[in-house]
Number of protein chains: 4
Amino acid sequence: MSEVYDTVIRGGRVATASDVFDADIGIVGESIAAIGKRLAAGKREVDARGKLVLPGGIDSHCHIEQLSANGKLNADTFESATISAAFGGTTTVIPFAAQHRGMRLREVVADYHKLAERGAVIDYAFHMIIANPTPETLEEDIPALVETGHSSLKIFMTYDRLKVDDEELLDVLAVARKSRAMVCVHAENHGLISWTVKRLLARGHTAPKFHAASHARAAEAEAINRLIEMAALIDQPIMIYHVSTAEGAAVIRAARGRGIKLFAETCPQYLFLTEDDLDRPGVEGAKWMCSPPLRLASDQEALWRAIALSDLQTVSSDHAPYRLDADGKYPSGDASTFKEIANGMPGLEARLPLLFDAMVSQGRLGLRKFVEITATMPAHIYNLARKGSIAVGMDADIAIWDPDRAITLEDRMMHDRAGYSPYAGRKLRGWPTQVLSRGRMVIEGGALKVDKGTGKFLARDGGEAAKPAQGATNDRAATWRSYVL
Amino acid sequence: MSEVYDTVIRGGRVATASDVFDADIGIVGESIAAIGKRLAAGKREVDARGKLVLPGGIDSHCHIEQLSANGKLNADTFESATISAAFGGTTTVIPFAAQHRGMRLREVVADYHKLAERGAVIDYAFHMIIANPTPETLEEDIPALVETGHSSLKIFMTYDRLKVDDEELLDVLAVARKSRAMVCVHAENHGLISWTVKRLLARGHTAPKFHAASHARAAEAEAINRLIEMAALIDQPIMIYHVSTAEGAAVIRAARGRGIKLFAETCPQYLFLTEDDLDRPGVEGAKWMCSPPLRLASDQEALWRAIALSDLQTVSSDHAPYRLDADGKYPSGDASTFKEIANGMPGLEARLPLLFDAMVSQGRLGLRKFVEITATMPAHIYNLARKGSIAVGMDADIAIWDPDRAITLEDRMMHDRAGYSPYAGRKLRGWPTQVLSRGRMVIEGGALKVDKGTGKFLARDGGEAAKPAQGATNDRAATWRSYVL
Amino acid sequence: MSEVYDTVIRGGRVATASDVFDADIGIVGESIAAIGKRLAAGKREVDARGKLVLPGGIDSHCHIEQLSANGKLNADTFESATISAAFGGTTTVIPFAAQHRGMRLREVVADYHKLAERGAVIDYAFHMIIANPTPETLEEDIPALVETGHSSLKIFMTYDRLKVDDEELLDVLAVARKSRAMVCVHAENHGLISWTVKRLLARGHTAPKFHAASHARAAEAEAINRLIEMAALIDQPIMIYHVSTAEGAAVIRAARGRGIKLFAETCPQYLFLTEDDLDRPGVEGAKWMCSPPLRLASDQEALWRAIALSDLQTVSSDHAPYRLDADGKYPSGDASTFKEIANGMPGLEARLPLLFDAMVSQGRLGLRKFVEITATMPAHIYNLARKGSIAVGMDADIAIWDPDRAITLEDRMMHDRAGYSPYAGRKLRGWPTQVLSRGRMVIEGGALKVDKGTGKFLARDGGEAAKPAQGATNDRAATWRSYVL
Amino acid sequence: MSEVYDTVIRGGRVATASDVFDADIGIVGESIAAIGKRLAAGKREVDARGKLVLPGGIDSHCHIEQLSANGKLNADTFESATISAAFGGTTTVIPFAAQHRGMRLREVVADYHKLAERGAVIDYAFHMIIANPTPETLEEDIPALVETGHSSLKIFMTYDRLKVDDEELLDVLAVARKSRAMVCVHAENHGLISWTVKRLLARGHTAPKFHAASHARAAEAEAINRLIEMAALIDQPIMIYHVSTAEGAAVIRAARGRGIKLFAETCPQYLFLTEDDLDRPGVEGAKWMCSPPLRLASDQEALWRAIALSDLQTVSSDHAPYRLDADGKYPSGDASTFKEIANGMPGLEARLPLLFDAMVSQGRLGLRKFVEITATMPAHIYNLARKGSIAVGMDADIAIWDPDRAITLEDRMMHDRAGYSPYAGRKLRGWPTQVLSRGRMVIEGGALKVDKGTGKFLARDGGEAAKPAQGATNDRAATWRSYVL
């Protein structure tokens, strides 16, 4: 035969979202050239006997080197974050290019490109956070940036300095529809949260555990419903981020059943932690503060079911790393109330091992579904055409997992810069031992094998997922759109 | 026997929400003293043979002598409005004491009392419109005014100068819960409407018929859902006004099924007119402009079903009378776009004849249900203890209907000051021929028989309907309330 | 005045489903002649000061002097049962004329008439149990008997010797539609119960507590759904008997929401007892055996909610009295397995006091709702035009309740012949002290005041409730009916 | 490299349920040895440039050489049927081993094995039809036959000579649970259909078009609901066959949403034909008679949506070939009423081209979903481990499609023996040009290339899909199962 493999991953059990089979994988250059039995020798041979050979994970929701609204950077650089991701078996990240008010979106995007070019060890794309949907942003920058491969927007329905109101949300949905971009949304009712926070603080309920109460469950289901009503009217596909409640998942299921085109995700923290984790002495609970907050064991079950039913299609980390200091969790220097504590927790690295342990080692939903929600579906939804599966011609983004390795997670095992893991102490079975990105061995023998800055930007258009459903909603809405859009 | 009747209504067929029977009604002073066969003679004898003797209607949602946000009065005074109501068989109205921004609520209420005292020919209570929920309003005026018999609040989720945002809505719900007042709500999504209006106007869609499109159907269902989520969390009973869409009714039914305590109404315009009525040459369609706008024939069916199922408990007029001139429908003096035209239509007088014709003459749902939704349930919900039924001891508020009188509605038949009826030309069977309020004959022989200012204010506390459900919602919400309220 | 009252009930608080008011009630002959303040003296004066004057209860589902399929009579005669009913505040019963296979329906009905004429002390109607829907029964007897005032049929979807299969069910629905009769149904899946019983016995699970398991919860929801599908297709109104599960109530709510015309009831045993009551040593649990079996506390809550929402409109006793002997609970003389024990429990007398205590004394849903579900709605659904309320012209069927009387129920307090009460030991507040039927004092001072055989048969046609909805279901079904019916 | 390919399919575009990519496929012996770019030469080279290389279809529901209850064979032998299937791109069939009453199941299965061994040109498995669930069948034959690779049962809820009643259904579910076999069900309410047929015939509604009315829509939704209730109670996975109505699909969606483990399919006839096709002069409509009958355009839309949402996971043919003669459609020799006409239509060959045209050429749901519902999901559900995808190590069952070939279907193009196609006249784009089964070229150049009898039996255990959900249903049911199973 004519091929000469640069690398052959030999003797492993390969899985895609569709199939599980024993085969060697031959890599030429950056991509998969062949999958077969007894492939010819490669220049480099990787022994995968007894291992699982899986698509590298795609983490489609993570905050990297991101400037927060108060002007501080989160703990990770693109270097630290992507190294951490790679150690956890992830080979593609989609962090944010985060506009704040007053910023020109195109400059924001350019800035993040520079940061990523300098630091990333794996490939990346960007969602553009739209905090300031001015005419300039909407009519000039978004269309131009979608043209250059940034085909997903992110908006917040809460957070004082980030949120869009309903009119702005409609503006973004309408522009996205025209530009064929996906719209990702943090959906929680701002007023309800804000009102509750004030009341809690006024009554002296200041400990971290009150953070859970401050985001009343209804704030999520309400905002998801509102968002869906508007997206369905505009006929614009959306991705609902980090669903945390059974009620939220139920609203999503009902809407999908009516034919509305929408996607949704949850995160490991909502599958593996509960609000009880927040309830610790002093500000220890700060480690477990994220938004939406951790919920109940019954929510975990509801979210697993929603994954099984594909009401939720992906599980991302929402990695948001804050050190336990004034540059991180306590940006105001005052941690006397939960309101002064930054929301977010690290998770880039632990995401896949947590899910692998639950789904593969313990058998919940199984190996194909693990691949589907961690790699294949993120690739389909965000149109990363060369990522998310193991197939000929695709980028050789591959994680080799030892299904038998038993690990007890510890803070210091993580490679990000948050300095802790909310999952510390947890025992897991299964760990990625080698990780390749575009054929390059990135992680091996517990060590990083590539230079920073070697990751590449993945330009993409909106693809199938971002196309309007056109007509799936009723005729009345179509008439309305003919008047308004 | 010992009683001496002032008035006996003799030989009619009497109906309550529960029963239909043939009996005389003996009135002593202002109230019903006896109901019986062959009652002794009264000082005044009213021949009701061949007639239906029904509780006078309660119109629990109507705008009278109300100053709009732009500083103009609507067309009716308490005199004209209550006369019109009485001619239509209504004996109690609950209009609004309408606060605008910057106004002190207690003064607003005092002002409306003066207007009503001067003009009303039938009894009345007030809902207090809260457009400016300042601490003063919330903490001082509302509790004090509820104490003096004003136990219902009205808020708007839309309209630029009236709407409360979500935090204010929560404030009002929390105060109402403490004061044991009902909260009535105009529930439409403001942002969606506002955004759509701008788009429609920008595209030249300015005719009255675009008013329907400007209030997208989803604006109603969305706002109802949002409202219910918050009211359920606070555990505060609400009344959802003028439900116009099948989707809105479905949200209400689902919420009631979950045990949430809420009430809802629709209006005759949503049962008898459709958005096609808006589509007339020039600004003729202005006559049919109201908010929410008229909808579809399929919505009419859905609303009738919701009435049958008691998902909607009352049907009010939402009487909002505007003359077809610069003081009325065209307040800016410019009617070139639907946005410049005032929303609202008269309906105090036609409400009962329209419903009687449909429900009694044509048989849809029947006579008892007619009494229930037009009189008994409004009395129960708004706690008008002496109104809404024909029973011993209750106020003698009675309308005597000729079930066989055939009428073709005409603009000039109406006694309000709007100058037109949106139902003109409609043929109805059944009309009230005599109307008594607290034993006084108010309407007889087509003429008004009492002086203006003889109606009385009905002080009331919140009663059963305004009591929190306490525990009907889940434990999680109860914990939340223990922290926040 | 011209009336001379035979009886005046003076000074009580009267309640209907619509109103509560203080008034005297004047009775002339058998009916209510006047309701008023300070009525003239009656020949007989009944002091009701401090008392509640309520419509006598209607128990629309009870088994009296009924021959069971095995040829044995249940414990009560019309005399004992109606006396017991009257002591509990009930003034109308609708027991069954129970056809068994091989019996001519018209003879069955004639036989029950004889029994009732001889024994009843209060008024009665009959539901006709159709166990043998032969052409003769369907085409001759049912139409003829409906003509003579027997306008409701009862069928069983389970019980070996009583059940109709799906084709027979359709036959009955079709005949009922033509005759304008209501169809009442015991809806449980026979095959599932039968299969489960065999399995339980084969595994030695023979104690009474396994009776609950033998009627799997799904047997009810399934049969209700099947019944509704068929009734909706035929467009025949139905009454679903003794709903016991949350799932069953949910199916009913959903169907009503789709516009299907159906009624449903539950019984006190499902509101006040649970399957734990069955779990007693030996066969003691036999006292609590009924079908459907007792369920869970969570079902009680669901059923109360369904009552509040009018998904269930009435609460009947399903009185089925068996003594704890070989003529009653143990008809085979062998009580070694739950299968050998008769199903049913007495409840005619305790029904109203139990509901009064919960609804009025403890305040759950209130006095008007108590009247509605125990008297007014049964009268409307079964078209007992002169019963079920306190209104002029109606039969003077009245129960006077002492709301303050505290009672501890005991077996020996009951006047039926079952010999025990499943509610023995329960403390209640509120008890009927005097009971009138058609103006006759039936119960007073704890004693029976009338002779047996003085109750009368109430002939009735199907009325409003039994009318097809005609068109409420979709067009497709209407086409189907045009082919088939 | 070490492999020597027997066949290389070169230059095509390959698709799995997960991925679409350009690659060569190398086959060694019966299975896929390699997938890659520029693979070495094979002994046989197949040019697939410009073609789609897809997994051969799996038709998991088809009737082949099946003896009907009246003792007649359907039109196809294993030879004709599997040839027809192969021409249409299908490489695996799962027909039935059909027990009739009085037959010993193990003998039935042995007989069908003989027929298939003699005739099949592609691989096959069997579902065992259980028409006679005697103890012998349940306790001996089913467990033994599951052991030997027959891990799916089929039962009928309707058809006089095939149906199981509810108790038998429970028996089958319980045995299947123990044996770990899938239970496939024809779910329609027998009594309703039977009753309707009698009524239609009695009223002279005898034309084929009344066949649609004879299976009232409710018969499907009802039976599906009943089946699900019982399967959920037993905790036994089921496959619901040939869903035809929107209502049926809705019941399935709701049950899946509650966590019940169930699968469902529809067939091309319900996606592409409507009941209007039945309405032809004389008995022409017989060609379009199948059960459930064809439905409405709105059902087609509902079923497509259900496929999109994975509420339905597969689309099978339900191939049931009857010639238009006394041995086929008119078994009684009398076709004067629809009741005398056999139900079923051919579809093995047209299934994939119809779906390809709609899904790939016209773009509805796309190529990956086409592969998923026609090959991958049937393989997963029925545990055909080596079938249903293109992956290394799997059987080389491959269909090469020319996406541009335009075809007008004609009766004589079909290779089965029914003699007609219900889709004749339909224009399609896309057709399979070469079909391989286990590496053997079966169809090429419009000709059959293999001998009859070369297909092989696929033994399989129940696999993942047939495993009980264990605990997905509520605790109550688990307790019940602990008593009963």
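Residues numbered from 1 in each chain as written. Chains lettered and ligands numbered in written order. Predicted model: local features only at pLDDT ≥ 70, side-chain atom pairs only at ≥ 80, totals over all residues. Heavy atoms only, no water.

Student: Please clarify how the interface of chain B and chain A should be interpreted in this entry.
Tutor: Reports often express the size of an interface as the amount of accessible area lost when the parts come together. Opposite the 37 residues of chain B that make contact, chain A presents 37 residues. Approximately 3,300 Å² of surface area, both sides summed, lies buried where chain B meets chain A, with 61% of it carried by carbon and sulfur atoms. At the junction of chain B and chain A, the tally comes to six salt bridges. With a shortest N-O distance of 3.6 Å, Glu222(B) and Arg226(A) are connected by a salt bridge. (Contact = heavy atoms within 4.5 Å. Buried area = accessible area lost by both parts, 1.4 Å probe. Salt bridge = Lys/Arg side-chain N within 4 Å of Asp/Glu carboxyl O.)

Student: Help me understand the sheet that holds strand 13 (residues 238-240) of chain D in this model?
Tutor: Two orientations exist for strands paired in a sheet by backbone hydrogen bonds: parallel and antiparallel. Residues and elements named next belong to chain D. One open sheet holds the seven strands; their spatial order is 8-10-11-12-13-14-15, and the pairing between them is parallel. Of all the strands in the sheet, the pair left with one neighbour each is strand 8 (96-98) and strand 15 (314-315). Of the strand pairs in this sheet, strand 12 (residues 182-186) and strand 13 are connected by three bridges, and their pairing is parallel. Bridged to Val 183 within strand 13 is Ile 238. Sheet strands touched by helix 2 (residues 105-119): strand 8 and strand 10 (127-129). Its angle to strand 8, the strand with the most contacts, is close to 135°. (Pairing = 2+ DSSP bridges. Helix = DSSP H or I, 4+ residues; strand = E, 2+ residues; numbered from the N terminus. Axes fitted to C-alpha atoms, helices over the stretch in contact; angles between N-to-C directions.)

Student: For this particular structure, what's the right way to read the packing of aromatic side chains?
Tutor: Here the distance between the centres and the angle between the planes together describe a pair of aromatic rings. Following the criterion strictly, the structure yields 56 aromatic pairs over all chains and no others. Plain terms: the ring middles of Tyr112(C) and Phe126(C) are 6.3 Å apart, the flat faces sit at 65° to each other, and that makes the pair edge-to-face. Of this pair, Tyr112(C) sits in helix 2 (residues 105-119) while Phe126(C) sits in the loop between strand 9 (123-124) and strand 10 (127-129), placing them 14 residues apart in sequence. An aromatic cluster is defined as three or more aromatic residues linked by ring pairs; in this entry it consists of Phe78(A), Tyr112(A), Tyr124(A), Phe126(A) and Phe457(A). (Phe/Tyr/Trp six-rings, centres within 6.5 Å; stacked < 30°, edge-to-face > 60°.)

Student: So what exactly am I meant to see when it comes to the relation of the copies chain B and chain A here?
Tutor: The second copy of the chain is related to the first by a rotation about an axis and a shift along the axis. Relative to chain A, chain B is turned by 180° and slid 0.0 Å along the rotation axis, the superposed coordinates differing by an RMSD of 0.0 Å. Accordingly, the operation relating the two chain copies is best matched by a two-fold axis. Of the interface residues in chain B, 100% have counterparts in chain A that sit at the interface too, so the contact is made through matching surfaces. (Least-squares fit on C-alpha atoms with pLDDT ≥ 70 in both.)

Student: Where do I start with helix 12 (residues 366-381) of chain A in this structure?
Tutor: Helical geometry: 3.6 residues make up each α-helical turn, so side chains three or four residues apart lie on a common side. Residue and element names in this part refer to chain A. Under the 1.5 Å per step criterion, the end-to-end length of helix 12 is 21 Å for 16 residues, consistent within 8% with the ideal 22 Å. Taken as a whole, helix 12 carries its principal kink of about 50° at Glu 372. A large share of helix 12 lies buried, amounting to 13 of its 16 residues. Phi turns positive one or two residues past the end of helix 12, at Asn 383, with a value near 60°. (Expected span 1.5 Å × (residues − 1). Bend = angle between axes of the 7 residues up to and from the residue. Buried < 20%, exposed > 50% of the residue type's maximum accessible area, 1.4 Å probe, protein only.)

Student: How do you make sense of the packing of helix 4 (residues 166-179) of chain B against helix 7 (residues 217-234) of chain B when you look at a structure like this?
Tutor: All names here are of chain B. The geometry of helix 4 relative to helix 7 is characterised by a closest axis approach of 10 Å and an angle of 40° between their N-to-C directions. For the element pair helix 4 / helix 7, the angle class is oblique. Between helix 4 and helix 7 lies a crossing of right-handed hand. Contacts between helix 4 and helix 7 pair Asp 166, Leu 169, Leu 170, Leu 173, Ala 174 and Arg 177 from the former with Arg 226, Leu 227, Met 230, Ala 231 and Ile 234 from the latter. Taken together, the residues that form the contact of helix 4 with helix 7 break down as eight nonpolar, no polar and three charged. (Parallel < 35°, antiparallel > 145°, perpendicular 65-115°, else oblique. Left-handed = near helix turned anticlockwise from the far one by under 90°. Nonpolar A, V, L, I, M, F, W, Y, C, P; charged D, E, K, R; others polar.)

Student: For this particular structure, what's the right way to read the sheet that holds strand 13 (residues 238-240) of chain C?
Tutor: All names here are of chain C. Strand order across the open sheet formed by seven strands is 8-10-11-12-13-14-15, with parallel pairing between neighbours. Looking along the sheet, the strands with just one partner apiece sit at the ends: strand 8 (96-98) and strand 15 (314-315). Bridge analysis of strand 14 (residues 262-266) against strand 15 gives two bridges, and the strand direction is parallel. Counted as the bridge partner of Glu 265 is Thr 314 from strand 15.

Student: Is there a simple way to explain the side chain of Glu349(C) in this structure?
Tutor: If you trace the backbone, Glu349(C) turns up in the loop between strand 15 and helix 11 (351-361). For Glu349(C), the side chain forms a polar contact with the main-chain nitrogen of His415(C), separated by 2.6 Å. (Polar contact = N/O pair within 3.5 Å; in protein donor to acceptor, adjacent residues only side chain to side chain.)

Student: How should I be thinking about a nonpolar patch on the surface in this particular structure?
Tutor: A cluster of nonpolar side chains, Leu67(A), Leu73(A) and Met103(A), forms an exposed patch at the surface whose accessible area comes to about 220 Å². With respect to the helices and strands, Leu67(A) occurs in the loop between strand 6 (57-59) and helix 1 (78-87). (Patch = residues over 30% accessible without salt bridge, like charges linked within 9 Å, V, L, I, M, F, W, Y side chains within 5 Å. Areas by Shrake-Rupley, 256 points an atom, 1.4 Å probe, with all protein chains shown as cover.)

Student: Which parts of the structure should I look at to understand the relation of the copies chain A and chain D?
Tutor: Overlaying chain A on chain D yields an RMSD of 0.0 Å, the required transformation being a rotation through 180° with an accompanying axial translation of 0.0 Å. Interface residue correspondence from chain A to chain D reaches 100%, placing this contact among same-surface, isologous pairings.

Student: Sorry if this is basic, but what is going on with the arrangement of the chains here?
Tutor: A gap remains between chain A and chain C, which never touch, and the nearest two C-alpha atoms on either side lie 16 Å apart. Across all C-alpha pairs, the smallest distance from chain B to chain D is 16 Å, and the two are not in contact.

Student: I would appreciate a short explanation of the interface of chain A and chain D in the present structure.
Tutor: Facing 36 residues of chain A, the contacting portion of chain D comprises 36 residues. Of the roughly 2,500 Å² buried where chain A meets chain D, counting both sides, 51% is carbon and sulfur surface. Viewed at the interface, chain D and chain A are joined by zero salt bridges. The set of elements that each furnish at least two residues to the side of chain A that touches chain D consists of strand 2 (20-28), strand 3 (31-36), helix 8 (246-257) and helix 12 of chain A.

Student: Sorry, what's going on with helix 4 (residues 166-179) of chain A here?
Tutor: Residue and element names in this part refer to chain A. Between its terminal C-alpha atoms helix 4 stretches 20 Å, which fits the 20 Å expected from 14 residues at 1.5 Å a residue. Counting buried positions over the 14 residues of helix 4 gives twelve, a clear majority of the element. Where helix 4 is concerned, the buried positions are Asp 166, Glu 167, Leu 169, Leu 170, Asp 171, Val 172, Leu 173, Ala 174, Val 175, Ala 176, Arg 177 and Ser 179. Near the N-terminus of helix 4, the side chain that reaches the backbone nitrogen of Glu 167, with its oxygen 3.1 Å away, is that of Asp 165. Taken from the residues just after helix 4, Arg 180 is the one with a positive phi, measuring 60°.

Without other data, these values stay purely geometric and don't point to any function.
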